[in-house]
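Listed here are the chains, written in short residue letters.
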Amino acid sequence: MTVLDHRHQTAAVPGWLPGATRPRTDPGPLLPDAAPVRVLGTPALEKTDPALLRELYRRLVVGRRYNQQATTLTKQGRLAVYPASTGQEACQVAAAMALQDRDWLFPSYRDTLAVVARGVDPLEALTLLRGNAHTGYDPRATRTAPLSTPLATQAPHAVGLAHAARLAGEPLVALALLGDGGTSEGDFHEALNFAAVLHAPVVFLVQNNGYAISVPLTRQSAAPTLAHKAVGYGIPGRLVDGNDAPAVHAVLTEAFDRARSGGGPTLVEALTYRVEAHTNADDATRYRQDDEVAAWREHDPILLMERHLRPLGLLDDTLVQEAADEAEALAARMRAEFHTDPVLDPMALFAHVYAEPTPQLREQAAQLAAELAAEAEVHHP
């Protein structure tokens, strides 16, 4: 059934009116978990694939170093801006690992690590944040949409792609990554409504890190949890400890399997924390206390993995050193690559904007070309 087929359907009388033709939807099954789902420190840990646990740990360590090095490059002026995901790496690494190759990822501006964990070259993932191009990788080849700077605008795109893929018979899932601030945007609510009505195979992962820049969650929403927002749209909500990497992986895998088998969308809220400032332009000390940050550092995703995997013999000094060496090698590559400024073609700014350039775009391109020609004439008469 296509979207147009809905025109020929007769609307059912709601279940709370006389002569109802369909029962009222029971919200019970849609309600999120009473407590955040956890694997670390629970009996579920011993049932989890040891290879998955070790791979999650390795990627967390490499991802943490990636965040640290990118932050340093920003302070050195090598990056225009870098919204670090330090402290919430478990959400991004686990999400990327739970996706299949045919699935699509729709990241926000803070999800560079998820893009890298998806398989995109670590340096290409920073192209936008370096200010060199709209994006540094091929979205079609990587099945990864460009980083979205406007909040939540990627969510409706994820729904549209997922719905189109289902109509085409392509069994894929789209994952939209958002922050808690994104749930305050109209695009988020429109995306959930479309996803529910169209029964699209899409999953929304909200990384609730406590703040939308400086605005705490309590000033954004009065809902019991952000996952409860799913109920109003008729889709299930899930609540998970966002710093428990295997728990995030398990909850998302279940949501992906549900979507892939025709079960429709799911909203997952991962409770996590942004340890670093919003970006290099932010002073986080103005709106949160040091003891709050310190408490979350004790719940750090890497620390949690080490604390729970070592007693089970799933993590040893060899693996810890191998992960650290890999992380340092990546950091060294980033420093070497960013030491030299790339040679850029300013006219590339107009490429890949529209399939057919608009008159305004052609006019702007011609104006820039004339200015570049005049500048070249001055320097090389």
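Everything quoted here is computed from the prediction, not taken from an experiment.

Chemist: Before we move on, can you summarise the overall build of the chain with the specific residues and values?
Modeler: Looking only at helices and strands, one finds 12 helices and 7 strands in the chain. Compactness check: the chain gives a C-alpha radius of gyration of 23 Å against a globular reference of 21 Å for 381 residues, within 12% of the reference. Split into buried and exposed, the 381 residues of the chain put 45% on the buried side. Here the analysis covers contacts within the chain between residues at least 6 apart in sequence; of these, 74% occur between residues at least 24 apart. Here the chain displays about 18900 Å² of accessible surface, and carbon together with sulfur accounts for 55% of that area. Each charge class in the chain was averaged separately, 33 positive and 46 negative side chains, and the resulting centres sit 5 Å apart.

Chemist: Which residues make up the environment of E185, and what values go with them?
Modeler: Within the secondary structure, E185 sits in the loop between β2 (174-179) and α7 (186-198). Along the backbone, E185 and A152 are 33 residues apart, and their C-alpha atoms lie at a distance of 6.6 Å. Not counting the four nearest positions on each side in its chain, E185 is found in contact with L151 and A152.

Chemist: Quick one: what's the story with the layout of surface pockets, residue by residue and with numbers?
Modeler: There is about 600 Å³ of room inside the largest pocket. The wall of the largest pocket is formed by 19 residues, among which A133, H134, T135, A351 and H352 lie closest to the centre. Residues of the lining of the largest pocket, tallied by class, amount to 12 nonpolar, 6 polar and 1 charged.

Chemist: Let's hear about the packing of aromatic side chains: which residues, and what values?
Modeler: Here the structure, examined in full by the defined rule, presents 3 aromatic pairs. For the ring pair Y211 and Y287, a centre distance of 5.4 Å and an interplane angle of 55° mean the geometry is tilted. With a gap of 76 residues between them, Y211 in strand β4 (residues 211-212) and Y287 in the loop between β7 (266-271) and α9 (290-297) connect regions that are remote in the sequence. By relative accessible area, which is 10% here, Y211 ends up buried.

Chemist: Describe the nonpolar core, with residues and values.
Modeler: Formed by 64 residues in total, the largest nonpolar core has its most connected members in Y66, L175 and L252. For this core, the leading source of residues is helix α1 (residues 50-75), giving 10 residues. For L252, the contacting residues outside a window of four places in its chain are A95, A98, V203, L205 and V268.

Chemist: Residues and numbers for empty space enclosed by the protein, please.
Modeler: Counted under the stated rule, the structure contains 1 cavity of 30 Å³ or more. Within this model, the largest cavity holds a volume of roughly 40 Å³. Every residue along the wall of the largest cavity is listed here: G87, N243, Y273, V275, W296, R297, D300 and P301.

Chemist: Requested: an account of the pattern of salt bridges, with residues and values cited.
Modeler: Oppositely charged side chains can form a pair if their charged atoms are brought close together. Tallying each qualifying case throughout the model produces 16 salt bridges. Close ionic contact of R58 with E55 constitutes a salt bridge, the shortest N to O distance being 2.5 Å. One end of the pair is R58 and the other is E55, both in helix α1 and 3 residues apart, which spans about a single turn. What emerges from the salt-bridge pattern is a single network uniting E55, R58, R59 and E326.

Chemist: Explain the pairing of strand β6 (residues 237-241) to me, using residue names and the numbers behind them.
Modeler: Of all 5 residues in β6, 5 are buried; the element is thus mostly enclosed. Side chains G237, L239 and D241 project from β6 onto one buried face, and the interleaved R238 and V240 project onto a second face that is buried too. With 5 bridges joining them, β6 and β7 adopt parallel strand pairing. Bridging across to β7, R238 finds its partner in V268. Taken together, β6, helix α8 (residues 245-260) and β7 form a β-α-β motif whose crossover is right-handed.

Chemist: Would you mind going over the side chain of E89 in detail, with residue names and values included?
Modeler: With respect to the helices, strands and loops of the structure, E89 is situated in helix α2 (residues 89-98). Within the structure, the side chain of E89 is placed 3.3 Å from the side chain of N67, a separation counted as a polar contact. A polar contact is formed between the side chain of E89 and the backbone nitrogen of G87, at a distance of 2.8 Å. Not counting residues up to four positions away in its chain, the partners in contact with E89 are L60, G63, R64, N67, L113 and P301.

Chemist: Account for the sheet that holds β7, naming residues and giving values.
Modeler: Pairing between the strands of a sheet is mediated by backbone hydrogen bonds and can be parallel or antiparallel. Pairing in this open sheet of 5 strands is parallel, and the strands run β1-β2-β3-β7-β6 from one edge to the other. Looking at strand neighbours, the two that pair on one side only are β1 (104-106) and β6, the edges of this open sheet. Along the sheet, successive strands turn relative to each other by an average axial angle of 20°, direction set aside. Here β2 pairs with strand β3 (residues 202-208) via 6 bridges, running parallel. Bridge pairing in β3 links G179 to Q207. On the sheet, α2 packs against β2, β3 and β7 and is oriented at approximately 165° with respect to β3.

Chemist: So what's going on with the confidence of the model for the chain? Which residues, and what values?
Modeler: In regions of low pLDDT, the predicted coordinates are not meant to be interpreted in detail. When the pLDDT values of the chain are averaged, the result is 93; 94% of them are 70 or greater. With pLDDT under 50 throughout, residues 1-8 is counted as low confidence; its partners more than four residues away or in other chains account for 6 contacts.

Chemist: Report on helix α10 (residues 301-309), specifying residues and quantitative values.
Modeler: Residues that lie three or four places apart on an α-helix share one face, since the helix turns once every 3.6 residues. Residues of α10 that are buried: P301, I302, L304, M305 and L309. Projection of α10 onto a plane perpendicular to its axis shows the buried side chains occupying an angular sector of 160°, all on one side. In this fold, the buried residues of α10 make contact with α1, α2 and α8. The N-capping residue of α10, defined by a side-chain oxygen 2.9 Å from the backbone nitrogen of I302, is D300.

The rules behind each value
Residues numbered from 1 in each chain as written. Predicted model: local features only at pLDDT ≥ 70, side-chain atom pairs only at ≥ 80, totals over all residues. Heavy atoms only, no water. Helix = DSSP H or I, 4+ residues; strand = E, 2+ residues; numbered from the N terminus. Rg over C-alpha atoms; globule rule 2.2 N^0.38 Å. Buried < 20%, exposed > 50% of the residue type's maximum accessible area, 1.4 Å probe, protein only. Contact = heavy atoms within 4.5 Å. Areas by Shrake-Rupley, 256 points an atom, 1.4 Å probe, with all protein chains shown as cover. Lys, Arg positive; Asp, Glu negative; His and termini not counted. Charge placed at Lys NZ, Arg CZ, Asp CG, Glu CD. 1 Å grid on protein atoms, 1.4 Å probe; cavity = no way out; pocket = protein on both sides within 12 Å on 5 of 7 lines; lining within 4 Å. Points joined across faces, edges and corners; volume = space filled by probe spheres on them. Nonpolar A, V, L, I, M, F, W, Y, C, P; charged D, E, K, R; others polar. Phe/Tyr/Trp six-rings, centres within 6.5 Å; stacked < 30°, edge-to-face > 60°. Core = buried A, V, L, I, M, F, W, Y, C linked by side-chain atoms within 4.5 Å. Salt bridge = Lys/Arg side-chain N within 4 Å of Asp/Glu carboxyl O. Pairing = 2+ DSSP bridges. Right-handed = clockwise from strand over helix to strand, strands pointing away. Polar contact = N/O pair within 3.5 Å; in protein donor to acceptor, adjacent residues only side chain to side chain. Axes fitted to C-alpha atoms, helices over the stretch in contact; angles between N-to-C directions. pLDDT = per-residue confidence, 0-100. Arc of directions from axis to C-beta.

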